[in-house]
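Residue-level structure breakdown
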Amino acid sequence: MDFSVKDFNVRLRTITLLEASIAIIVAIILSEYIYNFIGFDHAEFYTIIFDVLIMAFFAIACIGTRGFTKDVNEAFEFTNIVRILGLSMIDFLFCGVLVGFCASLGLAFSIKLPSFLMAVGTGFEDPVSLFLGFVAAVFIAPISEELLFRGVLFNRLKILKGAPFGIVVSSIIFGSLHFYGGAPFLHVVTASIFGMLMCVFYMKHDNILLNIAVHFIGNLLVYIQDYTPFLSILHMEPFSEFVGFACLFSIIFVPVYIIYYARKFK
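Keep in mind that what you see is a predicted model, and the values were worked out from it rather than measured.

Some words on the overall build of the chain
Helix and strand counts for the chain stand at 10 helices and 0 strands. Taken from N to C terminus, the helices and strands of the chain fall in the order α-α-α-α-α-α-α-α-α-α. Burial status across the chain gives 43% buried among its 266 residues. For the chain, long-range pairs separated by at least 24 residues make up 75% of all intrachain contacts whose partners lie at least 6 apart in sequence. Approximately 14,400 Å² of the chain is accessible, and the part contributed by carbon and sulfur atoms is 74%.

Okay, structure coming up:
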């Protein structure tokens with residue numbers, strides 16, 4: 001990283017893959033030590049420790065920069081709030097269509113699809129795990145993952161090979177690390193597509209805080225859908241017809257959005 005660079009967003013782009021890799025290795029070692037030392041036996045707690053350490057690395061890496069306050073103010077501008085909410089919902093609907101397609105495919109052909117293609121909810125074993133998982137996925141992961149995968153990995157690959165290469169490769173790596181849950185393969189696909197959306201959104205606005213906000217809302221919607229009955233009202237009249245049109249729009253919008261900006265900013 002180049003400490004002579006004082007702009008927050010530019011300093012972020014100067015962090016090298018080697019520096020980020022060393023930070024990840026150190027975070028893994030320290031996380032293991034802290035996790036075992038505290039003795040709080042929940043895998044989600046380990047994830048929280050690791051992500052916090054990654055966030056600490058970025059906090060140190062961006063010491064002495066300016067422009068962060070400006071990015072915060074931009075994130076609360078009305079137009080950006082609309083963009084954040086809109087993109088979060090569109091991605092949520094698009095991924096829901098993919099999940100629904102896999103489910104309907106099995107029903108249409110009277111076949112039982114393997115679990116890696118089906119959304120089989122595994123849930124959490126206890127309320128503590130549910131709470132820790134919620135904190136990790138909704139509040140902490142959006143920060144560490146956007147800084148790591150868009151702020152560093154995508155930026156470095158874009159510099160080396162161009163924007164399309166950076167979008168595809170960084171998003172596939174991001175998605176592959178989401179191989180877990182009741183439908184791991186499907187989870188990887190949806191996470192990879194989300195990663196591509198985040199890359200082009202980041203290129204458009206050059207404000208990692210906007211990405212973090214979209215990531216936060218997207219993960220929050222998933223938790224609301226999986227663990228509360230709130231979103232079930234969207235399947236009822238008169239909402240269901242509107243949701244159907246919104247899903248159709250998302251199927252068209254997402255690939256067009258990704259391809260257009262990948263080519264525009266190459």
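That covers the picture; the talk isn't over yet.
Here we look at the packing of helix 6 (residues 127-161) against helix 7 (residues 163-176)
Where helix 6 contacts helix 7, the axes come no closer than 8 Å and their chain directions differ by 145°. Considering only the axes of helix 6 and helix 7, their crossing is right-handed. Across from Glu 145, Phe 149, Arg 150, Leu 153, Phe 154, Leu 157, Lys 158 and Lys 161 in helix 6, the residues of helix 7 making contact are Ala 163, Phe 165, Gly 166, Ile 167, Val 169, Ser 170, Ile 173 and Phe 174. Within the contact of helix 6 with helix 7, the residues separate by chemical class into 10 nonpolar, 2 polar and 4 charged.

Regarding the nonpolar core
The nonpolar side chains of a soluble globular protein tend to be buried, and buried together. If you look at the biggest cluster of nonpolar residues, it comprises 52 residues, and the most contacted ones within it are Leu 12, Phe 58 and Ile 167. Among the elements that line this core, the one with the most residues is helix 8 (residues 184-205), at 11 residues. Apart from residues lying up to four places away in sequence, Ile 167 is in contact with Phe 154, Met 196, Cys 199, Val 200, Met 203 and Ala 262. Counting residues in each nonpolar core, the second largest holds 8 residues, with Phe 45, Ile 49, Val 135 and Ile 140 among its members.

Quick look at the side chain of Asn 211
Among the secondary structure elements, Asn 211 is positioned in helix 9 (residues 208-227). According to the relative accessible area criterion, Asn 211 is buried, its value standing at 0%. Separated by 3.1 Å, the side chains of Asn 211 and Glu 146 make a polar contact. Setting aside residues up to four positions removed in sequence, Asn 211 forms contacts with Glu 146, Arg 150, Met 198, Phe 201 and Tyr 202.

Considering the pattern of salt bridges
Applying the stated criterion across every chain yields a total of 3 salt bridges. Among the ionic pairs, Glu 74 bridges to Lys 70, the shortest N-O distance being 2.9 Å. With a gap of 4 residues between them, Glu 74 and Lys 70 both fall in helix 4 (residues 68-75), about one helical turn apart. Note that Glu 146 and Arg 150 form a salt bridge whose closest N and O atoms lie 2.7 Å from each other. Taken together, the residues span about one helical turn, with Glu 146 and Arg 150 both in helix 6 at a distance of 4 residues. Of the two residues, Glu 146 and Arg 150, neither departs from the other in class, the shared state being buried.

Details of the environment of Asn 211
When the C-alpha positions of Asn 211 and Ile 84 are compared, they lie 8.0 Å apart, and in sequence the two are 127 residues distant. Among the polar contacts made by the side chain of Asn 211, one reaches the main-chain carbonyl oxygen of Met 198 at a distance of 2.8 Å.

Rules behind the numbers
- Residues numbered from 1 in each chain as written.
- Predicted model: local features only at pLDDT ≥ 70, side-chain atom pairs only at ≥ 80, totals over all residues.
- Heavy atoms only, no water.
- Helix = DSSP H or I, 4+ residues; strand = E, 2+ residues; numbered from the N terminus.
- Buried < 20%, exposed > 50% of the residue type's maximum accessible area, 1.4 Å probe, protein only.
- Contact = heavy atoms within 4.5 Å.
- Areas by Shrake-Rupley, 256 points an atom, 1.4 Å probe, with all protein chains shown as cover.
- Axes fitted to C-alpha atoms, helices over the stretch in contact; angles between N-to-C directions.
- Left-handed = near helix turned anticlockwise from the far one by under 90°.
- Nonpolar A, V, L, I, M, F, W, Y, C, P; charged D, E, K, R; others polar.
- Core = buried A, V, L, I, M, F, W, Y, C linked by side-chain atoms within 4.5 Å.
- Polar contact = N/O pair within 3.5 Å; in protein donor to acceptor, adjacent residues only side chain to side chain.
- Salt bridge = Lys/Arg side-chain N within 4 Å of Asp/Glu carboxyl O.

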